[in-house]
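If you want the building blocks of each chain, they are given just below.
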Amino acid sequence: MDAVLEVRDLHVEYLRDGGPARVLNGAELTVYPGESLGVVGESGVGKTVLVRAILGLLEPPWRVTRGQVMYEGDDLLQRSEKELRAIRGRGIALTTHEPRKHLNPVATIGEQLANVVQAHGAGGYRQAQTRALELLRMVGFPDPEARQTAYPHELSGGMCQRVIIAMALAHSPKLLMADEPTAGLDVTISLQVLDLMQGLVREAGSSLLLVSRDLGVVAHYCQRVAVMYEGRIVESAGVPAFFAGATHPYSRRLLRAAAAARDERRGPTTSAGPRAAAATAGCAYAPRCPVKVERCAMEPPALEPLASGHLVRCFLKADIAAGRVTA
C-alpha cells in the first residue's frame with residue numbers, strides 16, 4: 001500500500017550561541033491511507049518539531065539539515081513556500097495544543113473559519129460563511145448561527161479546540177496531524193474532543209497522526225504506535241502488539257511509568273525520569289538503559305524488524321523479545 005506520508009532520515013537543528021543542538025536525529029515514520037498513528041514520548045523528545053518540520057513551519061533558529069518528507073511522490077522539503085501553502089490544509093492539516101494562541105483574538109470565529117475556507121476554495125465570502133456554519137455544526141457547536149459571532153475569549157478551551165479542528169478539516173485533508181490536541185483540557189472535555197476528531201477523520205476517510213504523551217489515549221484512538229526518543233523513532237508496532245509485548249527498553253519503561261501513575265491515581269503519563277543531556281556516539285538511550293552492552297555506547301542501532309512485526313532500534317531486541325534479557 002502506498003503511503004500518504006513517509007518521513008526519511010529527518011534531521012533538525014536548533015542554532016544557539018554555543019553551537020547547534022540536534023533535535024531530530026534521523027526521524028523516520030510512515031502513515032498509510034485511512035490509518036491512525038500515535039507518536040508518543042516524553043516532553044522534549046522532538047514530537048512537535050517533527051510535525052512542524054513536515055509542514056515546513058520551522059523558522060530560524062530552527063534548521064532542517066537532512067532528510068526527506070515524501071507526500072504524494074514529492075519531497076516537501078524541496079517545495080517553495082507558495083507550494084507548501086497549497087498543501088497545508090487541503091493535503092495535510094495540523095491542529096495544535098493551546099488553541100487560543102492560534103486564533104485571532106480580534107476576529108470572530110465565523111470570520112476566521114470563512115477565511116480558512118476561502119484560502120483554498122472557489123466562490124465568494126457569502127459561500128464561505130455558509131460553509132463556516134456547516135463546519136461549526138459538524139464539530140458540535142450549539143446554536144452555531146449565534147455562536148459564529150463570538151470571539152475566542154468568549155469560548156471555553158474545549159470550544160476553541162473544536163474551532164481549530166473545524167479549520168483543520170475544512171478541506172477534507174488526506175492527513176490530519178494533531179499535536180497534543182487535548183492539552184490543558186479536563187478529562188471529560190478531552191474525551192469529547194478526541195471522540196469528535198476520531199469520528200470526523202473516519203467520516204472523511206483521512207489518515208490521523210496523533211502526537212501525545214498519554215499512552216492511554218494512543219491505545220484507545222490509534223491503530224499503530226511509534227515511540228520517539230531523542231529525535232528518533234525507537235519502536236513502532238500495531239497498538240495491540242505494542243501493549244502486549246513492547247520490546248525497546250525505553251518503551252517498556254514508559255509502560256511501567258504509565259501503569260505506576262494509574263495505580264497512584266494521578267492519571268496516565270509517559271514520564272520515565274530525567275534524560276541524560278550528554279550526546280553519545282552510540283544509542284541515545286544507552287546512558288539510561290538497564291541492559292546496555294559495550295556496543296551500545298559505540299554505534300547507533302538501526303530501526304529493524306522483528307518476527308513479531310515490531311520495528312525496534314536496539315541491538316538486544318531479539319533477546320528482549322525472546323525473554324533472554326529482561327529490560
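Provided above is the structure to which this section pertains.
Since we're looking at a predicted model, the values are computed, not measured.

Definitions and limits used
- Residues numbered from 1 in each chain as written.
- Predicted model: local features only at pLDDT ≥ 70, side-chain atom pairs only at ≥ 80, totals over all residues.
- Heavy atoms only, no water.
- Helix = DSSP H or I, 4+ residues; strand = E, 2+ residues; numbered from the N terminus.
- Rg over C-alpha atoms; globule rule 2.2 N^0.38 Å.
- Buried < 20%, exposed > 50% of the residue type's maximum accessible area, 1.4 Å probe, protein only.
- Areas by Shrake-Rupley, 256 points an atom, 1.4 Å probe, with all protein chains shown as cover.
- Lys, Arg positive; Asp, Glu negative; His and termini not counted.
- Charge placed at Lys NZ, Arg CZ, Asp CG, Glu CD.
- Core = buried A, V, L, I, M, F, W, Y, C linked by side-chain atoms within 4.5 Å.
- Contact = heavy atoms within 4.5 Å.
- Pairing = 2+ DSSP bridges.
- Axes fitted to C-alpha atoms, helices over the stretch in contact; angles between N-to-C directions.
- Expected span 1.5 Å × (residues − 1).
- Polar contact = N/O pair within 3.5 Å; in protein donor to acceptor, adjacent residues only side chain to side chain.
- Phe/Tyr/Trp six-rings, centres within 6.5 Å; stacked < 30°, edge-to-face > 60°.

Novice: When you look at the overall build of the protein chain in this model, what are you seeing that I'm missing?
Specialist: Per the secondary structure count, the protein chain includes 11 helices and 12 strands. Against the globule reference of 20 Å for 327 residues, the protein chain gives a C-alpha radius of gyration of 21 Å, in line with a compact fold. Residue burial in the protein chain is summarised as follows: out of 327 residues, 49% are buried. Within the structure as shown, the protein chain displays about 15,400 Å² of accessible surface, and the carbon and sulfur contribution to it stands at 50%. Computing the positive centroid from 37 side-chain charges and the negative centroid from 34, the protein chain places the two 2 Å apart.

Novice: Just checking my understanding: could you explain the nonpolar core for this structure?
Specialist: General note: in soluble globular proteins, nonpolar side chains tend to be found buried as a group. Judged by nonpolar contacts, the single largest core of 99 residues is most densely connected at Leu5, Leu10, Leu29, Leu50, Ile92, Met177 and Leu209. Of all the elements, helix α6 (residues 157-168) adds the most residues to this core, at eight residues. Leu50 has contacts with Val7, Leu10, Leu24, Ala27, Leu29 and Met228, leaving out every residue within four places of it along the chain.

Novice: Before we go on, may I ask you to explain the sheet that holds strand β8 (residues 207-212) in this structure?
Specialist: Pairing between sheet strands relies on hydrogen bonds along the backbone, with the strands arranged either parallel or antiparallel. Taken together, eight strands build an open sheet; the order of strands is β6-β7-β8-β3-β9-β10-β12-β11 and the sheet is mixed. For this open sheet the edge positions go to β6 (92-95) and β11 (304-305), each flanked by a neighbour on one side alone. Pairing analysis gives four bridges linking β6 to strand β7 (residues 175-179), with the strands arranged parallel. Across the sheet, Ile92 pairs through a bridge with Leu175, a residue of β7. The sheet contacts of helix α10 (residues 249-263) involve β9 (224-229) and β10 (232-238), and relative to β9 the element is tilted by about 105 degrees.

Novice: So what exactly am I meant to see when it comes to helix α7 (residues 187-204) here?
Specialist: The α-helix advances 3.6 residues per turn, and as a result positions three or four apart in sequence lie on the same side. With 18 residues, α7 extends 26 Å from end C-alpha to end C-alpha; this agrees with the ideal 26 Å at 1.5 Å per step. Looking only at α7, the buried set comprises Ser190, Val193, Leu194, Leu196, Met197, Gln198, Leu200 and Val201. Packed against the buried residues of α7 are α4 (125-138), α6, β7, β8 and α8 (215-221). The residue sitting at the N-terminus of α7 and contributing the capping side-chain oxygen is Asp186; that oxygen lies 3.2 Å from the backbone nitrogen of Thr188. Gly205 sits one or two residues past α7 and shows a positive phi near 70 degrees.

Novice: How should the side chain of Arg313 be read in this particular structure?
Specialist: Checked against the element boundaries, Arg313 lands in the loop between β12 (311-312) and α11 (317-322). On the basis of relative accessibility, which here comes to 7%, the residue Arg313 falls in the buried class. Side-chain polar atoms of Arg313 contact the side chain of Glu28, separated by 3.5 Å. Ignoring any residue separated from it by four or fewer positions in sequence, one finds Arg313 in contact with Gly26, Glu28, Arg232, Ile233, Val234, His248, Pro301, Ala302 and Leu303.

Novice: Is there a simple way to think about the packing of aromatic side chains in this case?
Specialist: The geometry of an aromatic ring pair is captured by two quantities: the separation of the ring centres and the angle between the planes. One pass over the full model with this rule turns up five aromatic pairs. Measuring from centroid to centroid gives 4.8 Å for Tyr14 and Trp62, while their planes differ by 65 degrees, and the two rings are edge-to-face. Residue Tyr14 is located in strand β1 (residues 5-14), and its partner Trp62 is located in strand β4 (residues 62-71); the two are separated by 48 residues in the primary sequence. By way of ring pairs, the aromatic residues Tyr229, Tyr250 and Tyr285 are connected into one cluster.

Novice: Could you clarify how one ought to interpret the environment of Leu84 in this entry?
Specialist: Structurally, Leu84 is set in helix α2 (residues 81-87). For Leu84, a relative accessible area of 7% puts it in the buried group. In sequence terms Leu84 and Val49 are 35 residues apart; their C-alpha atoms lie 17 Å from each other. If near-sequence neighbours (up to four positions away) are discounted, Leu84 is found in contact with Leu55, Gly56, Leu76 and Arg79.

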